[in-house]
Amino acid sequence: MARSRLLVDCCMTWLQGDHMQTPPTLRHACAEAADLHAQTCLLVMCGLPAAGKSSIAEHLRGRPPGAFYGSEQALIFDAVAWKKARESAMSQVEQELHSATASTLDGLVIVDDNMYYRSMRHDCLQLARKYQAAYIQLYIRCPAEVALQRNASRSQHQGVPEAVMRRMERLFEVPDPQKHAWEANTIVLDGSRLEMNFASDEIWQQILGMWKDPVQPVADAATLEQTRQHGRAANELSLQHQLDLFCRKAVSEIVQQLKANKGVDQHQLASTARSLNAARQAAMAAFKASAQCDSSTEYERQRVAFMKACNNAER
């Protein structure tokens, strides 16, 4: 299969740069991934300046800086281009996604930037969704002091002012899959130990593991509303069932307590039981007939009303 060969070639190119042979497990992962993933994947790098993003991106690419090999569809956009014109750079990303998806071969588009705002990364997600590409984030976690030390050794043209880096550190919105489900496909690397990252194939294994389905399209307004209605109906049905169970259990416990009380005759017991069941039925009918949007509030209202009715019935 052409797609399998392309993935294996891409991975082998990277590994051979370190004079390593492709492990059988990685070859197997590449071959299987070809049948399981989207044709195109957008890999978005994020992290502080000098955290090691560009080094890792070039390492993944397995090519000398500035070289482009269209057959592999692996492109890198450096931070300078993004500083000059972010919109223009996003347009370039979109063009490459378009080209990659139009190809019959698998394409990996790498976006190399700080991406310290979550909204910046979300813009890339939207592009991946538009072109039915998979979306992966590669977050290079690096202590600010380490990044600053590396930045100081750069040339004046490549270096970033310390004040800018400090500000970026304060504003950086770290990927948080727990709060933002769309960031679930996030690879985290220790930027302070780049030599360890370069010496293994773990990055590619993680990329292949996450390079699966394309980003799902957003449902239209009608579908979303229908989903909400179904959710509300299911929630209401569940609360209705809970209310019924609560009332029945309360009635049963009160009747059992009255039976244990030798001072209560059968006539009084039967009368109280009828009053309790009538209160239960009234609570259920009121809940069902309620036009309240917040069924949880209505549930609590009817539960309290029922308990008051129970107290009155016991007197």
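Thresholds, definitions, all that
Residues numbered from 1 in each chain as written. Predicted model: local features only at pLDDT ≥ 70, side-chain atom pairs only at ≥ 80, totals over all residues. Heavy atoms only, no water. Helix = DSSP H or I, 4+ residues; strand = E, 2+ residues; numbered from the N terminus. Buried < 20%, exposed > 50% of the residue type's maximum accessible area, 1.4 Å probe, protein only. Areas by Shrake-Rupley, 256 points an atom, 1.4 Å probe, with all protein chains shown as cover. Polar contact = N/O pair within 3.5 Å; in protein donor to acceptor, adjacent residues only side chain to side chain. Contact = heavy atoms within 4.5 Å. Core = buried A, V, L, I, M, F, W, Y, C linked by side-chain atoms within 4.5 Å. Salt bridge = Lys/Arg side-chain N within 4 Å of Asp/Glu carboxyl O. Phe/Tyr/Trp six-rings, centres within 6.5 Å; stacked < 30°, edge-to-face > 60°. Axes fitted to C-alpha atoms, helices over the stretch in contact; angles between N-to-C directions. Parallel < 35°, antiparallel > 145°, perpendicular 65-115°, else oblique. Left-handed = near helix turned anticlockwise from the far one by under 90°. Nonpolar A, V, L, I, M, F, W, Y, C, P; charged D, E, K, R; others polar. pLDDT = per-residue confidence, 0-100.

**Student:** Honestly, the overall build of the protein in this entry has me stumped. Any pointers?
**Tutor:** The number of helices and strands found in the protein is 13 helices and five strands. Split into buried and exposed, the 315 residues of the protein put 40% on the buried side. Of the accessible surface of the protein, which amounts to about 17,400 Å², a share of 51% is contributed by carbon and sulfur atoms.

**Student:** Looking at this structure, how should I read the side chain of arginine 121?
**Tutor:** Along the chain, the position of arginine 121 falls in helix H6 (residues 118-130). Take arginine 121: its relative accessible area is 0%, and that puts it in the buried class. Here glutamate 173 takes part through its backbone oxygen, which lies 2.7 Å from a polar atom of the side chain of arginine 121. When neighbours within four sequence positions are excluded, arginine 121 is seen to be in contact with Cys46, Met115, Tyr116, Tyr135, Gln137, Phe172, Glu173, Val174, Pro175, Trp182 and Glu183.

**Student:** Would you mind showing me how to read the nonpolar core here?
**Tutor:** One broad rule of soluble globular proteins: the nonpolar side chains tend to lie buried together. Counting residues in each nonpolar core, the largest one holds 53 residues, and the members touching the most others are Leu42, Leu43, Leu60, Leu138 and Ile207. Residues contacting leucine 138, with those up to four places away along its chain left out, are Leu43, Val44, Met45, Cys46, Ile56, Leu60, Ile187, Leu189 and Ile203. With 19 residues, the next largest nonpolar core counts Val251, Ala279, Cys310 and Ala313 among its residues.

**Student:** Is there a simple way to think about the pattern of salt bridges in this case?
**Tutor:** Side chains carrying opposite charge are able to pair once their charged atoms draw close together. Taken as a whole and assessed by the stated rule, the structure comprises eleven salt bridges. The salt bridge partner of glutamate 298 is arginine 301, with a shortest N-O separation of 2.4 Å. Residue glutamate 298 and its partner arginine 301 are both found in helix H13 (residues 295-314); the two are separated by three residues, about one turn of the helix. We classify glutamate 298 as buried; its relative accessible area is 6%. Because the salt bridges share partners, they merge into one network encompassing Arg118, Arg121, Glu173 and Glu183.

**Student:** How should the packing of aromatic side chains be read in this particular structure?
**Tutor:** By convention here, two paired aromatic rings are described through the distance between centres and the angle between planes. Across all of its chains, the model carries four aromatic pairs by this definition. Considering the side-chain rings of phenylalanine 246 and phenylalanine 306, the 6.4 Å spacing of their centres and the 70° angle between planes classify their relative orientation as edge-to-face. Of this pair, phenylalanine 246 sits in helix H11 (residues 221-260) while phenylalanine 306 sits in helix H13; the two residues are 60 residues apart in sequence, bridging distant segments of the chain. Residue phenylalanine 306 is classed as buried on the basis of its relative accessible area of 1%.

**Student:** How should I be thinking about the packing of helix H7 (residues 144-152) against helix H8 (residues 162-171) in this particular structure?
**Tutor:** What describes two packed helices is the angle between their axes and the distance between those same axes. At their nearest, the axes of H7 and H8 sit 11 Å apart, and the two run at 155° to each other. Classed by the angle they form, the pair H7 and H8 counts as roughly antiparallel. As H7 packs across H8, the resulting crossing turns out to be right-handed. Touching Ala144, Glu145, Ala147, Leu148 and Asn151 of H7 are Glu162, Met165, Arg166 and Glu169, all from H8.

**Student:** So what exactly am I meant to see when it comes to the packing of helix H5 (residues 86-102) against H6 here?
**Tutor:** Relative to each other, H5 and H6 sit at 30°, their axes nearing to 10 Å. Taken as axis vectors, H5 and H6 run roughly parallel relative to one another. Every pair of crossing elements has a handedness; the one defined by H5 and H6 is right-handed. In contact with Arg86, Met90, Val93, Glu94 and Leu97 of H5, H6 contributes Met120, Asp123, Cys124, Leu127, Ala128 and Lys130. The residue inventory of the contact of H5 with H6, partitioned by class, reads seven nonpolar, no polar and four charged.

**Student:** Looking at this structure, I do not really get the confidence of the model for the protein. What am I missing?
**Tutor:** For residues with low pLDDT, the predicted coordinates do not support detailed interpretation. For the protein, mean pLDDT is 75; residues scoring 70 or higher make up 73% of the total. Across the protein, element-level confidence peaks in strand S4 (residues 134-141) with a mean pLDDT of 94 and bottoms out in helix H1 (residues 2-16) with 30. Across residues 1-28, confidence stays below pLDDT 50; counting only partners more than four residues off in sequence or on other chains, it has 54 contacts.

**Student:** Looking at this structure, I do not really get unusual backbone geometry. What am I missing?
**Tutor:** Phi is mostly negative for residues that are not glycine, and the peptide bonds are mostly trans. The phi angle at alanine 50 is positive, at roughly 70°, despite the residue not being glycine. Looking at where alanine 50 falls in the secondary structure, it is placed in the loop between strand S1 (40-46) and helix H3 (53-61).

**Student:** It is not clear to me how the environment of leucine 269 should be interpreted in this structure. Could you clarify?
**Tutor:** With respect to the secondary-structure elements, leucine 269 resides in helix H12 (residues 266-289). Here leucine 269 falls in the buried class, since its relative accessible area comes to 10%. Non-local contacts of leucine 269, meaning those with residues more than four positions away in its chain, are made with Val255, Leu258, Lys259 and Val264.

**Student:** Quick question: what am I supposed to make of the environment of serine 99 here?
**Tutor:** On the secondary structure map, serine 99 appears in helix H5. Taking the C-alpha atoms as reference, serine 99 lies 9.8 Å from threonine 40; in sequence the two are 59 residues apart.

**Student:** Would you explain the environment of leucine 171 in this entry?
**Tutor:** Within the secondary structure, leucine 171 is located in helix H8. Along the backbone, leucine 171 and tyrosine 116 are 55 residues apart, and their C-alpha atoms lie at a distance of 7.1 Å. When neighbours within four sequence positions are excluded, leucine 171 is seen to be in contact with Tyr116 and Tyr117.

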